[in-house]
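# Coordinate inspection notes
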Amino acid sequence: MNYKAYNYIIISLLLAGLVSTLAINIYMDPLWYFDGNKLTKQNFAFNERLSKPNRYIKTSDNYDCLILGSSRATLLNESLIEGYNCYNFAFSGGKTEEYLAYSKWLNNRGASPRRIIIAIDDRDFTIVPGPINIPDFIQANSAPPVFWKNYLTLGSLNMSRRLLANISPLPRYYDDEFYCRIFDTAPVYKPELEDRSQVVLKENIAELYRELKGIFKNSEFIAYITPVSTWKVASRTERESKHYFQSAYAISTLFNPLYDFSIPSDRTSKTDNTYDGDHYSVELNNEISTVLNNGTTGFGIKVNDLSERDYINIYTKALNKYKAELMIDTVSVVSEK
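Let us look at the structure shown here. (Residues numbered from 1 in each chain as written. Predicted model: local features only at pLDDT ≥ 70, side-chain atom pairs only at ≥ 80, totals over all residues. Heavy atoms only, no water.)

## Brief notes about the side chain of His243
Looking at the element boundaries, His243 is found in helix H10 (residues 238-252). Looking at His243, the relative accessible area reads 8%, which means it is buried. Other than its neighbours up to four places away in sequence, His243 contacts Phe125, Leu201, Lys202 and Glu203. (Helix = DSSP H or I, 4+ residues; strand = E, 2+ residues; numbered from the N terminus. Buried < 20%, exposed > 50% of the residue type's maximum accessible area, 1.4 Å probe, protein only. Contact = heavy atoms within 4.5 Å.)

Shown next as structure tokens:
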């Protein structure tokens, strides 16, 4: 074989590999540039910080409602928000600083939602280890990278392989309509108390939300604190609990309504409706949608309706009640005033 023929074969093989990689990734669509996984109809959360903007910009003119939050809020079904065409922009490991960056990106790209739903985690009131992960295109206010740049990579090919082999990075997935679901094989939640003595509190958290609210001056805001296991609430130190109440109440002056679904209840004291004490079932999130739509508080409490003292007392009374029922033996987090 001469040198020219050898080069021809090498180049042909290389091109065939690139074309095959591109074709497979387009068909499996692991980063949601098109219509998602066409084969198994399941879409995994490989990179929601990129996948959700990819999907949003295809139909952004149709949305008049946004949901911002972490992975806990991904399970809130956007289609159940009545009177709005809502887009759930929540992503795994989301932090308030990232919601700010994404809100600026959305605003700069013309988003003008009538309603914004903010899902706040109790962990948002603390310093969570790890970097704040804001993609370059969000910071640069530019469009996401074009599909072929990502879909010519072996990294995306590995994502497609995992879709084909049903190897999800998380116990959750998105169905063919991009509604988040929990796998039947998700772990069984085994509650236990945590050592939170080293938790670092985040100061002035309300100021971040005040800044976020200022980005969309004409939007109506609704906020809620996501449910969390009673065992996790009982693990808070007295110092953390006081900070939690102060922060939540300060945020309630910005958003009306602000619902707190983390208050210990019969929902958050169960172990069969969550796989880790943070991520709750679709059914429980559907209940949250009902409260957000109708304002009923059969689940959770509306913080705005209460004085700070009453809020602390009601929350603490509920915690002590369920601690007794569940025989959780810890120091009472905050004495009733």
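## A look at H10
With 15 residues, H10 extends 21 Å from end C-alpha to end C-alpha; this agrees with the ideal 21 Å at 1.5 Å per step. Looking only at H10, the buried set comprises Glu240, Ser241, His243, Tyr244, Phe245, Ser247, Ala248, Ile251 and Ser252. Close packing links the buried residues of H10 with strand S3 (115-120), helix H8 (205-215), strand S6 (220-225), strand S7 (258-260) and helix H12 (308-326). (Expected span 1.5 Å × (residues − 1).)

## So, empty space enclosed by the protein
If you walk through the whole model with that rule in mind, you get 2 cavities of 30 Å³ or more. Along the walls of the largest cavity sit 15 residues, with Thr74, Leu76, Phe178, Tyr179 and Cys180 positioned nearest its centre. Breaking the lining of the largest cavity down by element, the ones donating at least two residues are helix H2 (48-59) and strand S5 (180-182). The residue inventory of the lining of the largest cavity, partitioned by class, reads 8 nonpolar, 3 polar and 4 charged. Space inside the second largest cavity adds up to approximately 40 Å³. (1 Å grid on protein atoms, 1.4 Å probe; cavity = no way out; pocket = protein on both sides within 12 Å on 5 of 7 lines; lining within 4 Å. Points joined across faces, edges and corners; volume = space filled by probe spheres on them. Nonpolar A, V, L, I, M, F, W, Y, C, P; charged D, E, K, R; others polar.)

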